[in-house]
Amino acid sequence: MKDEITREERVDNLKGMGCSRKRVEDARFTQGKGNYVDDIKLDGMLFGDFVRSPYAHARIKSIDTTAALEVPGVLAVLTAADLEPLGLHWMPTLAGDKQMVLADGKVLFQGQEVAYVVAEDRYAAADGIELVEVEYEELPVIVNPFESLKSDVVLREDLVAEDGSIPDGAHGPRKHPNHIFTWDAGDKDPTEEVIANAEVVAEETMYYHRTHPCPLETCGCVASMDKVNGKLTLWGTFQAPHAIRTVVSLISGIEEHNIRVISPDIGGGFGNKVGAYPGYVCSVVASIVTGKPVKWIEDRMDNLMTTAFARDYHMTGKISATKEGKITGLHCHVTADHGGFDACADPTKFPAGFMNICTGSYDIPTAYLEVEGVYTNKAPGGVSYRCSFRVTEAVYFIERMIEVLAIELNMDAAELRRINFIKKEQFPYTAALGWEYDSGDYHTAWDKALKTVDYDGLRTEQAQRVEDFKAGKTRKLMGIGLSFFTEIVGAGPVKNCDILGLGMFDSCEIRIHPTGSAIARLGTISQGQGHATTFAQILASEIGLPADSITIEEGDTDTAPYGLGTYGSRSTPVAGAATAMAGRKIRAKAQMIAAYLLEVHDNDVEFDVDRFVVKGAPEKFKTMKEIAFAAYNQAIPGIEPGLEAVSYYDPPNMTYPFGAYVCVMDIDVDTGVTEIRRFYALDDCGTRINPMIIEGQVHGGLTEALAVALGQEIAYDDMGNVKTGTLMDFFLPTAWEVPNYETDFTVTPSPHHPIGAKGVGESPHVGGVPCFSNAVQDAFRPFGNRHTNMPHDHWRIWRTANELGLHD
Ligand code: CDP
């Protein structure tokens, strides 16, 4: 049989890996046909909303719901007293702590859920909320974790025994009622000794402020209890639908097969939608009580003020080196503000996430990390924002420490990085704090980045600018921000990583239909990352059917195989691997079918793009389409009918993407206004599935990094009031602030991932924040600046210039 089209055309037809296939999701998103949780409308559906605490710390003396219940349309008002008999007034957090579902005797942060009003529509619910009378007795407020550890004020009275002793927490002994855990990694004494005896030591204290990912769609759910069949259906903004189903089953006692959790389209997650929120529990209870579907959707202020934040890390570092700049040791201490409850979404064994990646991309022989978790009167959470499991904090820390060490050594920061990078031949590399980096080629990436931006030329220009400034010829300084990051994504090997005891594997199930099209279902859930596009591309290359003929489905626990969901850039490293492995099972069976059809031995056929060909006789072949039909149409001896496969993939290691970023920034010292002249981002995420989608991920992550570095924060006053609870105060960058990004890449495949791919979604945020921050700091370096804390908004930059005497 002769081919009508060339091999190249057959490859193109598949739209497989490496192709910038247009996003298949966008046809519905751009035409308003997305189906988000707030689009769900069911017969007789009720609305629930919260009475929230205006105080950050207060005792609740009484709650009177009488007037609220008289509002036409209000059907019920739930309080902790109603949930207590069901054992649902508290719920477990993902971090091994417990959290009040509704205020039980006291509130611990502003906006905490106090009562849940259920009404026929959201207007009646809002009227009801106004009329719930809560009598509060204010208590002293603590918003500073250092003060919290010294204070006599006990925040979590539930965690102090009657005799006044302090029981251990989920992560070991607690030394103070407001202390959550102390977690460490590395060698304390040797590190301290190395630093004490070093030729050069740089020390710095930095605060990575509290941030919030602020997804366009806030959190919400619809709970519908079908009392006739005993089935609960829960639609919601869940980044981990299967884990939510298991948690709902465990805390409600409803058997897991009677719970169906569905994540419909999600309008951005970024870690904000990983955890379990009181709104989910209250909606389920309200649906069970009323027998009707109940919807709960946060407004913007609820979302910003009460759902999972990120960062809030106070970090102190010491880094030692020889006079020539070879780093010898690193010490890091962190005081971590977790708010009123520890609701971090880290893998169980890592209460400070992967903060112990803080040695970064450098060959540092000795290191020690200690993290103390502390309760304060702020909202709970901890890792959301391109989830990152604290890698963002770790990379910010080391990339700032490198810069202060460069100042101490009077050395160029790019050169200091270069002489300390882990070398290509050292991979797989075991870092001082325990991680085994799977692969990397940092020098190549760094050299490419510096050459592309003409780094030496930029430094010359900067020196001239300093001269001009000193001579009064300009009021603008120039900063060159550098960052080199190593990410750790793809949680994770089940032996290391679980959440609430659920091992962090992931899955893919494929069914090939007789006519040669297919559906693949995964345990992950896209929130804008384009999984329907890219996972079909992996399969197209693996099984030789066009990506356009493959439907990808995620998010329905009744149909998708169990998986741990999408956050921390784990989808490609874990579910992407499962997809490739399931595809390979399909291919193995297809090979047997092809051999039978071609009347040769199995070993005499080989896969070629979209078909199996007889070795040495390429004119003899069976296409995957023909093989699919034969699987359903012929009785093949020894082979079951059908063409299906499933893979549950437990990755042997994480993947370690990396990147080199450079930012060129002008700063007006009189206004504090920054102008990003150039931003160059080189990312290495191993094998690239869809270059266009990667570019989109990088643009998004960099924009979020810009936001965090240059203005965005969740700030509190001393009374625990959230000062940035609306988009009037919370900086959300728009096209106006966002520069042109230049993207670039190198390709260092992961040696253990079936297709060599590493994650990418989180990388630009992780690498971007220190790059923007370093640009600001670098502009002031010639005038004596060492470190200033983010966010570098105009006011703070002006203040830095002022403190350095640049306004004199
Ligand atoms: O877990 P999440 O989807 O947030 O992050 P990811 O695994 O880094 O993937 C983000 C998007 O980039 C997905 O559509 C991936 O398939 C795509 N990607 C890619 O095309 N090539 C890579 N090497 C990594 C990710």
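Residues numbered from 1 in each chain as written. Predicted model: local features only at pLDDT ≥ 70, side-chain atom pairs only at ≥ 80, totals over all residues. Heavy atoms only, no water.

Caption draft 1: Region of interest: the site of the ligand. In the region of the ligand, 22 residues are neighbours, and Gln 529, His 531, Ser 571, Thr 572 and Val 760 sit closest. At a separation of 2.6 Å, an oxygen atom of the ligand approaches a polar side-chain atom of Thr 572. Interatomic distance of 3.0 Å between a backbone N/O atom of Asn 690 and an oxygen atom of the ligand. Taking 520 Å² as the accessible area of the ligand by itself, protein coverage stands at 98%. Broken down by secondary-structure element, the contributors of at least two residues to the shell around the ligand are helix H15 (531-543), helix H16 (571-598) and helix H18 (691-710). (Near = heavy atom within 4 Å. Polar contact = N/O pair within 3.5 Å; in protein donor to acceptor, adjacent residues only side chain to side chain. Areas by Shrake-Rupley, 256 points an atom, 1.4 Å probe, with all protein chains shown as cover. Helix = DSSP H or I, 4+ residues; strand = E, 2+ residues; numbered from the N terminus.)

Caption draft 2: Here's a closer look at the sheet that holds strand S27 (residues 611-614). Taken in spatial order, the three strands of this open sheet run S26-S27-S28, and their pairing is antiparallel. Edge positions in the sheet fall to strand S26 (605-608) and strand S28 (617-623), since each of these pairs with one other strand and no more. Here the strands of the sheet are splayed against their neighbours by 35° on average, with no regard to which way each runs. The pairing of S27 with S28 spans four bridges and is classified as antiparallel. Bridge pairing in S28 links Arg 611 to Thr 623. Its contacts with the sheet place helix H17 (residues 624-633) against S26, S27 and S28, and it is angled at close to 50° to S28. (Pairing = 2+ DSSP bridges. Axes fitted to C-alpha atoms, helices over the stretch in contact; angles between N-to-C directions. Contact = heavy atoms within 4.5 Å.)

Caption draft 3: Examining the sheet that holds strand S17 (residues 366-374) more closely. The strand order S9-S17-S16-S15-S10 describes an open sheet built from five strands, whose pairing is mixed. Strands with a single pairing partner mark the edges of an open sheet, and in this sheet they are strand S9 (179-186) and strand S10 (200-211). Going from strand to strand, the sheet's axes swing by 10° on average, the running direction of each strand aside. Inspection of the sheet shows strand S16 (residues 327-337) paired to S17 by nine bridges, in the parallel sense. Looking at the pairing, His 331 lines up with Tyr 368 of S17.

Caption draft 4: View of the packing of H18 against helix H19 (residues 763-780). Where H18 meets H19, the axes come as close as 8 Å, and the angle between the chain directions of the two elements is 45°. It follows that H18 is oblique to H19 by the angle criterion. At the point where H18 passes H19, the crossing takes the right-handed sense. The residues of H19 that touch H18, namely those facing Gln 697, Val 698, Gly 701, Leu 702, Glu 704, Ala 705, Leu 706, Val 708, Ala 709 and Leu 710, are Pro 764, His 765, Gly 768, Val 769, Phe 772, Ser 773 and Val 776. Partitioned by chemical class, the residues of the contact of H18 with H19 number eleven nonpolar, five polar and one charged. (Parallel < 35°, antiparallel > 145°, perpendicular 65-115°, else oblique. Left-handed = near helix turned anticlockwise from the far one by under 90°. Nonpolar A, V, L, I, M, F, W, Y, C, P; charged D, E, K, R; others polar.)

Caption draft 5: Up close: the domain arrangement of the protein. Split into domains, the protein comes out as domain 1 (7-34 + 506-649), domain 2 (37-139 + 218-266 + 274-306) and domain 3 (309-490 + 654-803). The partner domain 2 presents 19 residues to the 21 residues of domain 1 that form the contact. The three residues of domain 1 that bury the most area against domain 2 are Gln 527, Thr 557 and Tyr 562, which together make up 37% of that side's buried surface. The interface formed by domain 1 and domain 2 holds three salt bridges in total. For Asp 556, the salt bridge goes to Arg 260, with nearest N and O atoms at 2.5 Å. (Domains from an automatic or database assignment. Buried area = accessible area lost by both parts, 1.4 Å probe. Salt bridge = Lys/Arg side-chain N within 4 Å of Asp/Glu carboxyl O.)

Caption draft 6: Examining the confidence of the model for the protein more closely. On average, residues of the protein score 96 in pLDDT, and 100% of them reach the 70 mark or higher. On the interface metric, ipTM, the complex scores 0.99, and its pTM is 0.97. (pLDDT = per-residue confidence, 0-100.)

Caption draft 7: Inspection of a negative patch on the surface at higher detail. Side chains of Glu 120, Asp 121, Asp 127 and Glu 130 sit close together on the surface and give a patch of like negative charge. Inspection of the secondary structure assignment puts Glu 130 in helix H5 (residues 122-131). Relative accessible area serves as the criterion here: at 65%, Glu 130 is assigned to the exposed category. (Patch = residues over 30% accessible without salt bridge, like charges linked within 9 Å, V, L, I, M, F, W, Y side chains within 5 Å. Lys, Arg positive; Asp, Glu negative; His and termini not counted. Charge placed at Lys NZ, Arg CZ, Asp CG, Glu CD. Buried < 20%, exposed > 50% of the residue type's maximum accessible area, 1.4 Å probe, protein only.)

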